There are 2 protein chains.
Amino acid sequence: MRTDEPIDVAVLGTGGIGKRTLEHIEHEDDVTPVAVCDSGGVAVDLDGVDYCDLVAADGGAVAQQGGSEVAALPDGRSTDDSIADVIEVHEEVDAVVMALPNIPHSFIPDTVERFLDAGYSGVMVDVLKRSRVIDWLEEMEPELEDAGVTFVCGAGATPGFLTGAAAVAAQSFVEVEEIEIWWGVGIESAYEENRGTVREDIAHLDGYDLESVAEMSDDEIQEVLDEHDGRLEFHDMEHADDRLLERAGFCSADDVEVGGILDVTQDEKPTTTTVKVTGTTFDGTTATNTFQLDDETSMAANVNGPAIGYMKAGVFYNRNGIYGLHGPAELMPGF
Amino acid sequence: MRTDEPIDVAVLGTGGIGKRTLEHIEHEDDVTPVAVCDSGGVAVDLDGVDYCDLVAADGGAVAQQGGSEVAALPDGRSTDDSIADVIEVHEEVDAVVMALPNIPHSFIPDTVERFLDAGYSGVMVDVLKRSRVIDWLEEMEPELEDAGVTFVCGAGATPGFLTGAAAVAAQSFVEVEEIEIWWGVGIESAYEENRGTVREDIAHLDGYDLESVAEMSDDEIQEVLDEHDGRLEFHDMEHADDRLLERAGFCSADDVEVGGILDVTQDEKPTTTTVKVTGTTFDGTTATNTFQLDDETSMAANVNGPAIGYMKAGVFYNRNGIYGLHGPAELMPGF
């Protein structure tokens, strides 16, 4: 894949993930953020938005004062509907990176719908997590095709990075029996800016769901963390890796298990992020291939690196007339 | 990627790799071998070549009698130029899998040239190993584009499987410092049918090259093996992984090191096949991600699974009008 053509991107959402997306993009000569927005503000500059203040510490200060960090940028201004302002310049955008919350579930599909209605015909990438969102996106597939939009869904860490790693690890086999994705995240120092992610993760615990956590106050979220001594362990999570691997023909969604440990009391990973793919080779051997991320790599690095990598694959597809919905595993060698 | 559309393939070469390619294809409902050839014979059947005898033990017996195993098939016949006979039916072929020796170097490029001259416009996949062959194929890139041929080069184990795994493992990083590919192969029982591969590997030892090993008798090859007690260790091999990762923009070819251990005295792997990718994340951490193949997976499984997987990616590209030369890492998320 050629990745040397310039790509103008819009980044929707500047929470914990969106900020780091912009930081990652600083290292990409061929990628320019021409539009950035948060809930209260938007910044548009077709030569490249100046977002230094946003990723710097003082950006957070603005947020803690309840203001829009993006509106406070040199190129920024306040707005009640910042996504509408990004959509206004959609013709100048090659790819839209959606670093948006999964609460409510419909937020990402609704946002895609708005871009389609406006006649956008580029790439869209999200870092969604929830399996059920795939159903909604699949219903939009004909629309995406007709609009000439290439949508790479679930392009973060899991689903995303680890989904793709599983697709590669499966290449030894003619049949996949089980895919185990196990992640570790330690975010003591990054906790403040990742409150949204932590809230979404709590929805995976027994007795909670996205609807109930959406209603909870920050104090109530904190109580749950305290009950677990700041260390949440998850099993059989409803992460979309399962649906995305099934879509690509690697295995049944039931054969995919996602779990992990989130620790807000330390930055060290509480457990090593590991993908294990067990299958049978053409010559009848059952075996397990393994992919492991270094404990030193941050969640932010493992979300944004792949998100930008998949975005580049999406741009390559889009520029070659390949549209519609594509999960990470569909961008890998076939199975 | 959709992998459910039928794919008619031609398999060129039925040595140790080609036979196992056909065995692997038995497990692929959507893949039909319509043409198969070895040096002395060809078998063509657009409904699917009956190659059972070839992959069965008695196929080998024919070879030991110096005959063409393919000619001995129900659909087979003898021919002095079997590739010409496959080229005759090129319009019925979606993908050509070249399980051909790398001796001489020019064999694969020359074969591609012949298909291009005949007006072939499908997919071609090889499992080549040598970096220098990439230069020759790159010179053919405009021809491939014009012909509408999608060429996936270096789509075996290494380069191929492990090249792709390295491209995925690199996704945590904004800069890759080093990629180490280390493989282990134990082929006591599969030695006879992999003599060609062993001969090519010996060319990587100090004091040998492809030209010199091409001149060596089987006894002389055996002597080299005996000198090393049947266990050959390789470092800094001229495998094309380096060029293919550089082409895709992941790192400089100099940052890629390939080595491994080949043991013809045991079927157990003498060492675990491992890919280590060291790089720096956007947030400034240097770390190493790791991919490991289960020791129980055979070389044949790790060559043919990926070869067929990459072939399917190539067919998807070809059917969407994406032609030219593509290495494994170019079929992965961008970098």
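Everything numeric in this text was worked out from a predicted model, so none of it was measured.

Our next topic: a negative patch on the surface. All names here are of chain A. On the surface, E175, E177, E178, E180, D236 and E257 cluster together to form a negatively charged patch. The dominant element in the negative patch, judged by the number of residues it contributes, is strand β8 (residues 175–186), at four residues. Position of E175 relative to the elements: it lies in strand β8.

The subject of this paragraph is the interface of chain A and chain B. The partner chain B presents 54 residues to the 54 residues of chain A that form the contact. In total, chain A and chain B occlude about 4400 Å² of area from one another, counting both sides; carbon and sulfur atoms represent 58% of this. In this structure, the connection of chain A to chain B is made through zero salt bridges. Scanning the region where chain A abuts chain B turns up 16 residue pairs in polar contact (both at pLDDT 80 or more). Of all the secondary structure elements, the ones that give two or more residues to the side of chain A that touches chain B are α1 (16–25), α8 (161–169), β12 (286–292), α13 (299–319) and β13 (324–326) of chain A. Sort the elements by how many residues they give to the side of chain A that touches chain B and α13(A) lands first, with 11 residues. Sheet analysis places β12(A) next to strand β12 (residues 286–292) of chain B, joined by three bridges and oriented antiparallel. Counted as the bridge partner of A:Q292 is B:T290 from β12(B).

Now for the packing of α1(A) against α13(A). Residues and elements named next belong to chain A. For the pair α1 and α13, the least separation of the axes is 9 Å and the interaxial angle reads 60°. Note that α1 runs across α13; the crossing there is right-handed. Side by side, α1 and α13 meet where I17, R20, T21, H24 and I25 of the first sit next to A300, V303, N304, G305 and I308 of the second. Residue classes in the contact of α1 with α13 are distributed as five nonpolar, four polar and one charged.

Rules and cut-offs
- Residues numbered from 1 in each chain as written.
- Chains lettered and ligands numbered in written order.
- Predicted model: local features only at pLDDT ≥ 70, side-chain atom pairs only at ≥ 80, totals over all residues.
- Heavy atoms only, no water.
- Patch = residues over 30% accessible without salt bridge, like charges linked within 9 Å, V, L, I, M, F, W, Y side chains within 5 Å.
- Areas by Shrake-Rupley, 256 points an atom, 1.4 Å probe, with all protein chains shown as cover.
- Salt bridge = Lys/Arg side-chain N within 4 Å of Asp/Glu carboxyl O.
- Lys, Arg positive; Asp, Glu negative; His and termini not counted.
- Charge placed at Lys NZ, Arg CZ, Asp CG, Glu CD.
- Helix = DSSP H or I, 4+ residues; strand = E, 2+ residues; numbered from the N terminus.
- Contact = heavy atoms within 4.5 Å.
- Buried area = accessible area lost by both parts, 1.4 Å probe.
- Polar contact = N/O pair within 3.5 Å; in protein donor to acceptor, adjacent residues only side chain to side chain.
- Pairing = 2+ DSSP bridges.
- Axes fitted to C-alpha atoms, helices over the stretch in contact; angles between N-to-C directions.
- Left-handed = near helix turned anticlockwise from the far one by under 90°.
- Nonpolar A, V, L, I, M, F, W, Y, C, P; charged D, E, K, R; others polar.

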